[in-house]
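Coordinate inspection notes
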Amino acid sequence: GIYTDKSGALWLSTKGDGVIVIPDYESYKGTAADRSRVHRYMKNEGLGSNEAYAFCPSTDGSLLWIGTSGKKLSYYSYQTRKFGTVDADLAGVAVHNILSVGENSLLVASDTEGLVRIDYSMKNSVPHIDGKTVFKFKHKNIDCNNFYAMVQDSDSTLLIGLKTGYGLVRFNIN
């Protein structure tokens, strides 16, 4: 995934080398980035895994959720300037996309568990999981839960792209 945050930092996910952050990315227009300012963050610095896929800001802007491999959901706290994880019990899957759907609720597209709604609360500036709902899908008795792409089509409609060649799932968020 690629994401530019409100401070102008460019966030890049990698499949095995963690997350790369280039602060004030716009200042490098037409020139190479200063390598001393390019930062790589990995599992030993708080990520749930070195395999990162997606970024999603929280609705209040205090967190940047990061989709990684594993049962934990990773985040970066802009307040503490640290990475952390919450145990979302995602059964060791990879989170390929995340969408914030209201205050303290996320929809997570995973590669095996399907679509997962995660509700959380903040306690002392740290997110805590309050609930998890898993949505599973079938097409002609075939499991269709390998999600890689996700986009909100309207206030209530989510389009989710499947890896397995079965196209899109249209999902009512409400």
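Right above here is the structure, for reference.
Anyway, here's the lowdown on the structure attached to this text. Everything quoted here is computed from the prediction, not taken from an experiment.

Focus on the packing of aromatic side chains
- Taken as a whole, this structure holds twelve aromatic pairs when the rule is applied.
- Geometrically, the ring pair formed by Tyr41 and Phe83 is tilted, given 4.9 Å between the ring centres and 45° between the ring planes. In this pair, Tyr41 sits in strand S4 (residues 39-41) while Phe83 sits in strand S8 (residues 82-87), placing the two residues 42 residues apart along the sequence.
- Relative to Tyr120, the ring of Trp65 has its centre 5.0 Å away and its plane inclined at 65°; by these criteria the two rings are edge-to-face. Residue Trp65 is found in strand S6 (residues 63-68), and its partner Tyr120 is found in strand S11 (residues 115-123); the two are separated by 55 residues along the sequence.
- Relative accessible area serves as the criterion here: at 0%, Trp65 is assigned to the buried category.
- Through a chain of ring-to-ring contacts, the aromatic side chains of Tyr3, Trp11, Tyr41, Phe55, Tyr76, Tyr78 and Phe83 assemble into a single cluster.

Quick look at the sheet that holds strand S12 (residues 126-135)
- On the basis of which strands lie adjacent, the open sheet formed by four strands has the order S9-S10-S11-S12 and antiparallel pairing. The open sheet terminates on both sides in strands that have one partner only, identified here as strand S9 (95-100) and S12. Sheet twist, expressed as the mean angle between neighbouring strand axes with direction ignored, is 25°.
- Judged from the five bridges that link them, S9 and strand S10 (residues 105-110) form a sheet pairing that is antiparallel. Note on S10: the bridge partner recorded for Leu99 is Leu107.

Quick word on the nonpolar core
- Counting residues in each nonpolar core, the largest one holds 16 residues, and the members touching the most others are Trp65, Leu73, Leu90, Ile98, Leu106, Val108 and Ile118.
- Contributing elements (two or more residues each) for this core: S6, strand S7 (72-77), S9, S10 and S11.
- A total of three residues in this core trace back to one element, the largest contributor, which is S11.
- Ignoring any residue separated from it by four or fewer positions in sequence, one finds Val108 in contact with Leu73, Val95, Asn97, Gly114, Leu115, Val116 and Ile118.
- One finds Leu115, Met150, Val169 and Phe171 within the second-largest nonpolar core, a separate group that totals 15 residues.

What counts, and where the lines are drawn
Residues numbered from 1 in each chain as written. Predicted model: local features only at pLDDT ≥ 70, side-chain atom pairs only at ≥ 80, totals over all residues. Heavy atoms only, no water. Phe/Tyr/Trp six-rings, centres within 6.5 Å; stacked < 30°, edge-to-face > 60°. Helix = DSSP H or I, 4+ residues; strand = E, 2+ residues; numbered from the N terminus. Buried < 20%, exposed > 50% of the residue type's maximum accessible area, 1.4 Å probe, protein only. Pairing = 2+ DSSP bridges. Axes fitted to C-alpha atoms, helices over the stretch in contact; angles between N-to-C directions. Core = buried A, V, L, I, M, F, W, Y, C linked by side-chain atoms within 4.5 Å. Contact = heavy atoms within 4.5 Å.

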